[in-house]
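Residues per chain, in single letters:
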Amino acid sequence: MANPLYDTLFGRHAGQTAPFLHLSDGSTLSYDAFLRLTAQYAHTFRDAGLAPGDRLAAQIEKSPQALAVYAACVQAGIVFLPLNTGYTADELEYFVTDSGARLLLCDGAKADALAPVAKSAKASLMTLNADGSGSLPDAAKDQPETFETTARGGDDLAAFLYTSGTTGRSKGAMLTQTNLLSNAETLVDYWAFTEKDVLLHALPIFHTHGLFVATNVILLAGAAMIFLPKFDQDKVIETLPRATTMMGVPTFYTRLLDDPRFDRALTGHMRLFISGSAPLLAETHVAFEERTGHRILERYGMTETNMNTSNPYEGERRAGTVGFPLPGVELKITDPDTGKTLPQGEIGLIEVRGPNVFKGYWNMPEKTAEELRSDGFFITGDLGQIDDQGYVQIVGRNKDLIISGGYNIYPKEIELLLDEQPGVLESAVVGVPHPDFGETVVGFLVAQKGETPDLAAIAEAAGTSLARFKHPRKLIVLDELPRNTMGKVQKNILRAEYGDLFKPA
Ligand code: MCA
Ligand code: AMP
């Protein structure tokens, strides 16, 4: 095939009038209409000077047009780099510069703020608004509705997704056509998706979960999506009767369980609920089954690897586990110090190998070598064990990471900002349990001698440089940080001591 990812996910739907997207305003977009728009965008990008292999960075709201940008990149061989819509201009500058993006696509409302970012990165700037208007659609509207698909191989890059590092800079995970396609093929099969499915899609489309897991699976199955701009409880409950399946982060399911309208009658027709991106508490799994009769299917993945494991579709879905390694994915538990495989049942680092595992970090050969072994095994940084029946359980993380509502937050990034604030000597950022987000961010500060840090000013400083979801939900001044004899801050003590901060009364 000339371009395996495009041909398999998109191209083969050409001419199909079956619905691809059901939209919030009640309208429907067919596969054919979507692909015609895709071709127009592909022409526009090519006319803007983007060649195969160039990067296109996009910080755009979720819309059918935004999905067509992804499809157009695949069709024209451009590497798609989607960015969280919550990122500030400060955060964006790094991604655009580091990736060497040739084009930055943003919402019109952000164009003024991002023009200097594009300029300093020598990228051109185009806009695409949530309602489908903007300079991209203007330039695309008279373009031809077919495009000669650019030839690509399985090893060519399809996307960059940035993932933060425990220390230092974010890393651009390079994902190939084969990474994405092999995982979509496995998941369609494993979760029994067919063209009859209608997926309720309320996830953002700038991460693996909403873009590659949800969207690629639907495209490959030739199914349809109810495409909501975001997770809106009322809209989810209103549209659920027309869906057959839903994918979400645990926060989606805890929010739905808090709603009395979410009951057996509303969900009885559903085929499957899938959860991932963050741990689903066993109690949520149990409460969900009691309420609806459905057992949520939990799976486990990463930006660098797509999906690695899944509970079975037919067999027992076991609460508190992420199921079995997917077909084609090898998984082993290793000793964090020696790298040796541990006996079954012991806790160690989860390592995975397979066609799903990324190619490496963009321009970071040392980081790549630290995490991706020469034999192809990727060291996930998650701690886990395998039970006697083969179910994988994630028991912790060997990386300093907070997952809030499915978004990853690296404490180091926030600590660096807090440390710079007037009156602050040092800081430690930890995640504590949160009833809605699973975990949330708390910042601990030690004042410089004789100083009283202005907490309101610090919160404001966080506001201008960090995306809202990373902001500490509480700042607490301590006399000193707990440290072990080696001088290392003992975050586990802070987590234990302040674990009840957000516990419902
Ligand atoms: C929004 N806010 C958040 C978060 N989301 N704060 C902390 N953590 C969050 N995740 C902020 C909002 O800006 C707002 O700020 C306030 O919190 C509450 O707003 P709310 O309306 O409740 O937020 P929301 O719009 O409902 O968003 C919550 C959400 C959303 C629906 C859980 O975060 C979401 O869709 N998360 C999914 C993330 C995801 O797709 N992750 C997959 C990563 P203010 O109070 O100032 O108004 S891919 C991955 O992890 C791997 C590969 C995998 O395995 O899938
Ligand atoms: P990211 O790099 O943003 O894609 O986040 C990947 C991380 O999310 C993994 O390394 C895990 O720590 C976490 N994760 C994903 N799915 C699950 C799950 N089902 N249970 C627990 N943690 C998960």
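Details of the structure are given in the entry above.
The written sequence of each chain sets the order in which its residues are numbered from 1. Labels follow written order: the first chain is A, the first ligand is 1, and so on. This being a predicted model, a pLDDT of at least 70 is required before a residue's local features are given, and a value of 80 or more before pairs of side-chain atoms are given or counted; all residues contribute to the totals for chains, interfaces and linings. Only heavy atoms go into the side-chain values, all of them from the structure, while hydrogens and water stay out.

A. Here's a closer look at the site of ligand 2. In the vicinity of ligand 2, 16 residues are found, and the nearest of them are Arg299, Thr303, Asp382, Lys399 and Asn408. Glutamate 298 places a side-chain nitrogen or oxygen 2.9 Å from a nitrogen atom of ligand 2. Two N or O atoms count as a polar contact when they lie within 3.5 Å, although within protein this holds only if one can serve as hydrogen donor and the other as acceptor, and sequence-adjacent residues are included solely when both atoms are side-chain atoms. In this structure, an oxygen atom belonging to ligand 2 sits 2.7 Å away from a side-chain N or O atom of threonine 303. Accessible areas in this description were obtained via Shrake-Rupley with a 1.4 Å probe; residue shielding takes into account the shown protein chains only. The protein chains hide 91% of the 500 Å² of surface that ligand 2 would expose on its own. Working definition: helices are DSSP H or I runs of at least four residues, strands are E runs of at least two. Numbering for both runs from the N terminus. Elements represented by at least two residues in the shell around ligand 2 include exactly strand E13 (297-302) and strand E20 (392-397). No other element matches the five residues that E13 contributes to the shell around ligand 2. The cutoff for a nearby residue is simple: one of its non-hydrogen atoms must lie within 4 Å of the molecule or strand.

B. Summary view of the sheet that holds strand E16 (residues 330-334). Spatial strand order, E16-E17-E19-E20: four strands in an open sheet with antiparallel pairing. In the strand order of this sheet, the two ends are held by E16 and E20, each with one partner. Adjacent strand axes in the sheet meet at a mean angle of 50 degrees when their direction is disregarded. DSSP-based pairing: two strands are paired if at least 2 bridges between them are found. Here E16 pairs with strand E17 (residues 348-353) via five bridges, running antiparallel. Across the sheet, residue lysine 332 finds its bridge partner in E17, namely glutamate 351. Orientation is described by axes fitted as lines to C-alpha atoms, over the contacting stretch for helices, and by angles from 0 to 180 degrees between their N-to-C directions.

C. Molecular detail of the site of ligand 1. Every one of the 25 residues lining ligand 1 counts as a neighbour, but Arg255, Ser277, Arg299, Ser404 and Arg468 are closest to it. Arginine 255 places a side-chain nitrogen or oxygen 2.7 Å from an oxygen atom of ligand 1. One of the backbone nitrogen or oxygen atoms of glycine 301 is found 3.4 Å away from an oxygen atom of ligand 1. Taking 1000 Å² as the accessible area of ligand 1 by itself, protein coverage stands at 75%. Three categories are distinguished: nonpolar for Ala, Val, Leu, Ile, Met, Phe, Trp, Tyr, Cys and Pro, charged for Asp, Glu, Lys and Arg, and polar for the others, with Gly belonging to the last. Here the residues of the shell around ligand 1 sort into ten nonpolar, ten polar and five charged.

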